[in-house]
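# Structural overview for review
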Amino acid sequence: MKFTSLLIRVLILFCLLVFPLIGHSNDNIYGVVSAGFADSKFEQSASDGGSFKLGFGYQFHPQWYAELGFQQLSNQSFIDQLPMTLPEVNEYSYGMQGDAIFASLLGKASGRMGELFYRVGVLKADVKGQQIDSSGSCQIGVSREFSVESGEMFNLCEYDEASLAGVFGIGFDFYLGVNMMLRTEVEHISGENGLETNAGYVGLRYNF
């Protein structure tokens, strides 16, 4: 955890120094749109489903990119009706929705087919969600107490929390044309409040 915290501080400082350079030059700038699948956890909540990323990058060195963007971590709908029976308590899929902004450094190695890259970055996530607690109080968020038909009491915890996390990934950009590339990538996110996401993406990169 100490290493991750130090890494995040270094990356924030580095990105604050690098990204202002983008405004002074239109060379070596690209945009990326990707879609994929993400398996996300936050505290005791879990969600899996479709995900997407939007980003802009800048090549400031022959082997290094800086990339800034937005991504969706989860988009699972919230429940509108509370469970009425004990089996429903266990079977319901409780909602979790999360979005994030990220700043990353990408180290690359070029080849005949494209560019292999690895990603190290920092991410600021905002996560809203629901989870069931039977202990009588919620660890995070606000509590809504309810009972089921058999008499057991539960709490529906509803939260809206921000988390800072580290991002680690690897991928490959395949050449499609003069300015177009096909991006494939897998990444792992780990941070505060038990935030953890494993995701895979396929997208298009356009070099301006």
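Sequence order as written defines the numbering, with residues in each chain counted from 1. Local features in this predicted model are restricted to residues of pLDDT 70 or higher, and side-chain atom pairs are both shown and tallied only at a pLDDT of 80 or more, whereas totals for entire chains, interfaces and linings draw on every residue. The side-chain quantities take in all heavy atoms of the structure and omit both hydrogens and water.

### So, the confidence of the model for the chain
Confidence along the chain averages 86 in pLDDT terms, with 86% of residues attaining 70 or more. One confidence number per residue, pLDDT, is output by the predictor and ranges from 0 to 100. Helix and strand labels come from DSSP, where a helix needs a run of H or I of at least four residues and a strand needs a run of E of at least two; each type is numbered from the N terminus. At the level of individual helices and strands, the chain shows its lowest average pLDDT in helix α1 (residues 2-18), which scores 51, and its highest in strand β8 (residues 180-191), which scores 97.

### Quick word on the pairing of strand β2 (residues 45-61)
By definition, two strands form a pair when at least two bridges between them are found by DSSP. Bridging between strand β1 (residues 29-42) and β2 involves 14 bridges; their strand directions are antiparallel. Note that in β2 the partner of tyrosine 30 across the bridge is glycine 57. Adjacent in sequence and paired antiparallel, β1 and β2 are bridged by two residues, among which glutamate 43 carries a positive phi angle near 55°. Pairing of β2 with strand β3 (residues 64-76), which is carried by eight bridges, proceeds in the antiparallel orientation. Looking at β3, one finds that phenylalanine 56 is bridged to leucine 68. Counted along the chain from β2 to the antiparallel partner β3, the turn is two residues long.

### Quick look at a nonpolar patch on the surface
Each patch is built from residues that are more than 30% exposed by relative accessible area and take part in no salt bridge. Like charges join if they lie within 9 Å; nonpolar side chains (Val, Leu, Ile, Met, Phe, Trp, Tyr) join within 5 Å. All accessible areas in this document rest on Shrake-Rupley with a 1.4 Å probe, and a residue is counted as covered only by the protein chains that are shown. A pair is scored as a salt bridge if a Lys or Arg side-chain nitrogen falls within 4 Å of a carboxyl oxygen belonging to Asp or Glu. Where nonpolar side chains cluster on the molecular surface, the patch consists of Phe56, Leu176, Met180, Leu204, Tyr206 and Phe208 and spans about 620 Å² of accessible area. Along the chain, methionine 180 turns up in strand β8. For methionine 180, a relative accessible area of 31% corresponds to the partly exposed category. Under the scheme applied here, a residue whose accessible area is under 20% of the maximum for its type counts as buried, over 50% as exposed, and between as partly exposed, the area being computed with a 1.4 Å probe on protein chains only.

### With respect to the environment of glycine 114
Along the chain, the position of glycine 114 falls in strand β5 (residues 114-133). Residue class for glycine 114 comes out buried when judged on its relative accessible area of 0%. Put simply, glycine 114 and leucine 176 are 62 residues apart on the chain and 8.9 Å apart in space, counted from C-alpha to C-alpha. When near neighbours in sequence (up to four residues on either side) are disregarded, glycine 114 contacts Ala109, Phe172, Asp173, Phe174 and Tyr175. Whether two residues touch is decided by their heavy atoms; if any such pair falls within 4.5 Å, the residues are in contact.

### Side note on the nonpolar core
One recurring pattern in soluble globular proteins: nonpolar side chains tend to sit buried together. Counting residues in each nonpolar core, the largest one holds 14 residues, and the members touching the most others are Phe42, Leu123, Ala125, Ile189 and Leu195. If sequence neighbours within four positions are ignored, leucine 195 has contacts with Lys41, Phe42, Leu73, Leu123, Ala125, Ser163, Ala165, Ile189 and Ser190. By size, the runner-up hydrophobic cluster in this structure holds eight residues, among which are Ile79, Val89, Tyr94 and Ile132. Within this scheme, the nonpolar core is defined by two criteria: the residues are buried Ala, Val, Leu, Ile, Met, Phe, Trp, Tyr or Cys, and they are joined through side-chain atoms within 4.5 Å.

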